[in-house]
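# Structural overview
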Amino acid sequence: MDKIHSHRQVAAIKHSLFDQGYLDEQFIQLEELQDDANPNFVEEIVTLYYRDSSRLISNLDHTLERNPLDFNKLDTLMHQFKGSSSSIGAKRVKAECTLFREYCRARNGEGCRRSFQQMKKEYATLRKKLETYFQLARQAGPLETAYRPK
């Protein structure tokens, strides 16, 4: 596969992540911070997000198992998770976090549990899609620009 075709494929995947509502403009802002000095900046940020957020998900899981539910603690944990998700542009995950927090405020334990399960699905789906995106982007490499000699 030639380099131009590879870059088109990477661009198409990224475009589909936006079209399908997985990512928002925050992801573009992260990409704008990436440069030649740190060509893997966005991938590194996303990797940190998934590493750090697994702890929050585990804490949420444990807190949801307790009876009675501590809605204030759940809301605080989800607020942290929502902030992290927002920082990478995880649009669908962030939307589920918002719904979860609404259920916390309504003291609706069943709603919290359903929303949490859906959030974990969105989280896992985005992870797979971003792993594919970054893998193809690494394979495609930087796009060299031809310069006319002076």
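If you're wondering where the values come from, they're calculated on a predicted model, not measured in any experiment. (Residues numbered from 1 in each chain as written. Predicted model: local features only at pLDDT ≥ 70, side-chain atom pairs only at ≥ 80, totals over all residues. Heavy atoms only, no water.)

## A few points about the packing of aromatic side chains
The tally for this structure, following the rule as stated, stands at nine aromatic pairs. Residues Phe18 and Phe27 carry aromatic rings whose centres are separated by 6.4 Å and whose planes lie at 65° to one another, so their mutual orientation is edge-to-face. Residue classification places Phe27 among the buried residues on the basis of a relative accessible area of 1%. Here the aromatic cluster, defined as three or more aromatic residues joined through ring pairs, consists of Phe18, Phe27, Tyr133 and Phe134. Between the NZ or CZ atom of Arg92 and the centre of the ring of Tyr22, over which it lies, the distance is 4.0 Å. (Phe/Tyr/Trp six-rings, centres within 6.5 Å; stacked < 30°, edge-to-face > 60°. Buried < 20%, exposed > 50% of the residue type's maximum accessible area, 1.4 Å probe, protein only. Lys NZ or Arg CZ within 6 Å of the ring centre and 35° of its normal.)

## Description of the UniProt feature "modified residue: Phosphohistidine" (unreviewed entry) in the protein chain
Cross-referencing UniProt, the feature "modified residue: Phosphohistidine" (unreviewed entry) maps to His79 in the present numbering. As for its position among the elements, His79 is in helix 4 (residues 71-88). By relative accessible area, which is 46% here, His79 ends up partly exposed. (UniProt positions renumbered as here; feature names shortened; annotations may be inferred. Helix = DSSP H or I, 4+ residues; strand = E, 2+ residues; numbered from the N terminus.)

## Things to note about the packing of helix 1 (residues 3-19) against helix 6 (residues 109-140)
Following both chains from N to C, one finds helix 1 and helix 6 inclined at 160°, their axes separated by 9 Å at the closest point. Taken together, the axes of helix 1 and helix 6 are roughly antiparallel relative to one another. Every pair of crossing elements has a handedness; the one defined by helix 1 and helix 6 is left-handed. Seen from helix 1, the contacting residues are Lys3, Ser6, His7, Gln9, Val10, Ile13, Lys14 and Leu17; seen from helix 6, they are Lys129, Leu130, Thr132, Tyr133, Leu136, Ala137 and Ala140. Class assignment for the residues of the contact of helix 1 with helix 6 results in eight nonpolar, four polar and three charged. (Axes fitted to C-alpha atoms, helices over the stretch in contact; angles between N-to-C directions. Parallel < 35°, antiparallel > 145°, perpendicular 65-115°, else oblique. Left-handed = near helix turned anticlockwise from the far one by under 90°. Contact = heavy atoms within 4.5 Å. Nonpolar A, V, L, I, M, F, W, Y, C, P; charged D, E, K, R; others polar.)

## Considerations on the packing of helix 2 (residues 25-33) against helix 4
Axis separation between helix 2 and helix 4 bottoms out at 6 Å; the angle between their running directions is 60°. In terms of orientation, helix 2 and helix 4 fall into the oblique class. Side by side, helix 2 and helix 4 meet where Gln26, Phe27 and Leu30 of the first sit next to Ser86, Ser87 and Ile88 of the second. Tallied by class, residues from the contact of helix 2 with helix 4 come to three nonpolar, three polar and no charged.

## Focus on unusual backbone geometry
Residue Pro68 follows Asn67 across a cis peptide bond; omega there is 5°. Relative to the helices and strands, Pro68 is located in the loop between helix 3 (41-65) and helix 4. Located in the positive-phi region is Arg107, a residue other than glycine, with phi close to 55°. One can find Arg107 in the loop between helix 5 (91-105) and helix 6. Its relative accessible area of 55% is what places Arg107 among the exposed residues.

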